[in-house]
Structures are given as structure tokens and as C-alpha cells.
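Here is what each chain is made of, one letter per residue.
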Amino acid sequence: MTERLKWGIVSTARINRKLIPAIQDSDRAELLAVASRSQSRASEYAAEWGIPRAHGSYEALLEDPDVDVVYIPLPNSLHAEWAVRAAEAGKHVLCEKPLALTVAECDQIIEASRAAGVVAMEAVMYLYHPVLHRARELIQEGAVGEVTQVRGRFSFLLDRPGDVRWEPDLGGGSLWDIGSYPVSFLRWIMGEPNRVFGWQTLSESGVDATFAGLLQYDKDVLGIFSCSFREPFRSH
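The following paragraphs examine the structure supplied in this document.

1. Thoughts on the sheet that holds strand β9 (residues 208–216)
Link 1 in the chain: The strand order across the open sheet formed by 5 strands is β8-β9-β10-β7-β11, and the pairing between neighbours is mixed. Both outer strands of the open sheet, β8 (195–202) and β11 (230–235), are each paired with one neighbouring strand and no more. In this sheet, neighbouring strand axes are inclined to one another by 20 degrees on average, regardless of whether the strands run parallel or antiparallel.
Link 2 in the chain: Where β8 meets β9, 8 bridges bridge the pair, whose relative direction is antiparallel. Note that in β9 the partner of Phe197 across the bridge is Leu214.
Link 3 in the chain: Most of the contacts of helix α7 (residues 174–190) go to strand β10 (residues 222–228), to which it runs at about 160 degrees, and overall it touches β7 (149–157), β9 and β10.

Here is the structure:
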């Protein structure tokens, strides 16, 4: 029988509801624990989702000897800190995108993971879907002809004033939140560009509400993307 990985979730973020059913339905994983900044909130959440253990701090979850891997859905600005701390505690890490906000933070996560002998991954789920892998193979084989442009777009109307996505200190902004998807897709399909251009419109809080970018490749190939919190839902 395959050994089941025991998961712990750092925080009670809304995105958890997308992950929890998948873990609980898997025969290779077990959702063991959840942590919040208060014991009462952790216990309430654990009861709601049928999670056996509730920890009243993130540190307590990392100290749980039975947790093998942690999922980190915290605000963007906290990803690197808790990914490093989880790795140092000997836990594998699945961290929401973006993995970090700077190259230096990415390097810290890599270094901590290698030193501890654990795996740290960014939760960009669609890059692991077999349909997308087959699509990339077809493109590289020339099935669609010569590529001249690759386009990506992701937008939705964010009308919650207090949402963390509006907070500069928490790594807010449309590029970090949803622009990362088309950017990662362009780079995954075409590789690294030679030059990058970007334009933004700012929100009242100072983060980008809308962002548009252009990635320039060899042979006059262009990657074009946009993202926005001020438009209806569109994803392609």
C-alpha cells in the first residue's frame, strides 16, 4: 500500500475550499491538521471540514511531528517566510502562487529546501495537466504552424474594498494575483523572452488594478498578456 502523505494547512484562507476536497478524496494523502492565528478559529474550521487536528498558531503546526507537507495559502508577502520556516522544520511545501515576491526570496526557499532535503513547489496547478502538456507537444511539433503570437488574459471584478489583493504591503495587485497565470503560460510555451515591456493602471491603494505586458522573442514572436481587477471574468 502506498504511504499516505499527511498534510497540514497554514491558515483558513478561502482558497482552501478548492484544495481540501482533493486531499480528502485522494488515497495517497490525508488532511491531518489546520492552523490559524487563534485556537478558537482553528478548532471551528477543523470541525467544519472534518480535519482531525487544529493548531492555534502556524508555529504549532510546523512543530507537529506527524505533518509531512504543508500548504501555504497566506497573503503573498508571507509566502517566502513561511515556506522557509516549513522547510527548516522538515516539511515539504506546496505554496500558493506567487512563490515569492523577489528573486532573493526564491533563492532563500531553494536554499532552505535543499538543506533540509524537502520539496518546495509553487501551486500553479494547470502546468501539470496532461492536456496542457499534449498541447505544448503539438505546438512544438508544428501542428499549429509557425507561432507568431501567444496571448493570455485573466480578469475578474474585485469589488471587496478590504480584500488583501488591494494591499501593497501584502503583495497585492492584479499581476501577482492573476497575471502570474498568463505570464507563466507564455514562458512555459515559449521559454524566456529577450525583452519585456509592461504598463499598469493603479488603484487607490497603489497596487496595479490592471496590467498589460508584452514579451518579445526571437523571430518576431510576441507574447501578449493582460490582467485586471476592473473587468468582468475572462480567462483564456
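2. Topic: the pairing of strand β4 (residues 69–72)
Link 1 in the chain: Taking every second residue as pointing to the same face, both faces of β4 are buried, with Val69 and Tyr71 on one and Val70 and Ile72 on the other.
Link 2 in the chain: Relative to β4, strand β1 (residues 5–10) runs parallel, the two sharing 3 bridges. By the bridge assignment for β4, Trp7 is matched with Val69.
Link 3 in the chain: As judged from the 4 bridges shared by β4 and strand β5 (residues 92–95), these two strands associate in the parallel manner. In the sheet register, Ile72 faces β5, and the bridge partner there is Cys95.
Link 4 in the chain: As for the winding sense of the linkage, the β-α-β connection from β4 through helix α4 (residues 79–88) to β5 is right-handed.

3. Thoughts on helix α2 (residues 39–49)
Link 1 in the chain: Of the residues making up α2, those classed as buried are Ala42, Tyr45 and Ala46. One face of α2 carries all of its buried residues, which in axial projection span an arc of 100 degrees. Among the exposed residues of α2, those oriented more than 90 degrees off its buried face are Ser40, Glu44, Ala47 and Glu48.
Link 2 in the chain: In this structure, the buried residues of α2 make contact with α1 (16–25), β2 (29–35) and β3 (53–55).

4. Brief notes about the pairing of β7
Link 1 in the chain: Bridging between β7 and β10 involves 7 bridges; their strand directions are parallel. Along β10, the bridge assignment pairs Phe154 with Cys227.
Link 2 in the chain: Sheet analysis places β7 next to β11, joined by 3 bridges and oriented antiparallel. Looking across to β11, one finds that Phe154 is bridged to Ser235.

5. Details of the packing of helix α6 (residues 130–140) against α7
The packing of two helices is summarised by the inter-axis angle and the distance between the axes.
Link 1 in the chain: The geometry of α6 relative to α7 is characterised by a closest axis approach of 10 Å and an angle of 45 degrees between their N-to-C directions. With respect to each other, α6 and α7 are oriented oblique. In contact with Leu132, His133, Arg136 and Ile139 of α6, α7 contributes Phe185, Trp188 and Ile189.
Link 2 in the chain: In terms of residue class, the contact of α6 with α7 is made up of 5 nonpolar, 1 polar and 1 charged.

So, how was this worked out
Residues numbered from 1 in each chain as written. Predicted model: local features only at pLDDT ≥ 70, side-chain atom pairs only at ≥ 80, totals over all residues. Heavy atoms only, no water. Pairing = 2+ DSSP bridges. Helix = DSSP H or I, 4+ residues; strand = E, 2+ residues; numbered from the N terminus. Axes fitted to C-alpha atoms, helices over the stretch in contact; angles between N-to-C directions. Contact = heavy atoms within 4.5 Å. Buried < 20%, exposed > 50% of the residue type's maximum accessible area, 1.4 Å probe, protein only. Right-handed = clockwise from strand over helix to strand, strands pointing away. Arc of directions from axis to C-beta. Parallel < 35°, antiparallel > 145°, perpendicular 65-115°, else oblique. Nonpolar A, V, L, I, M, F, W, Y, C, P; charged D, E, K, R; others polar.

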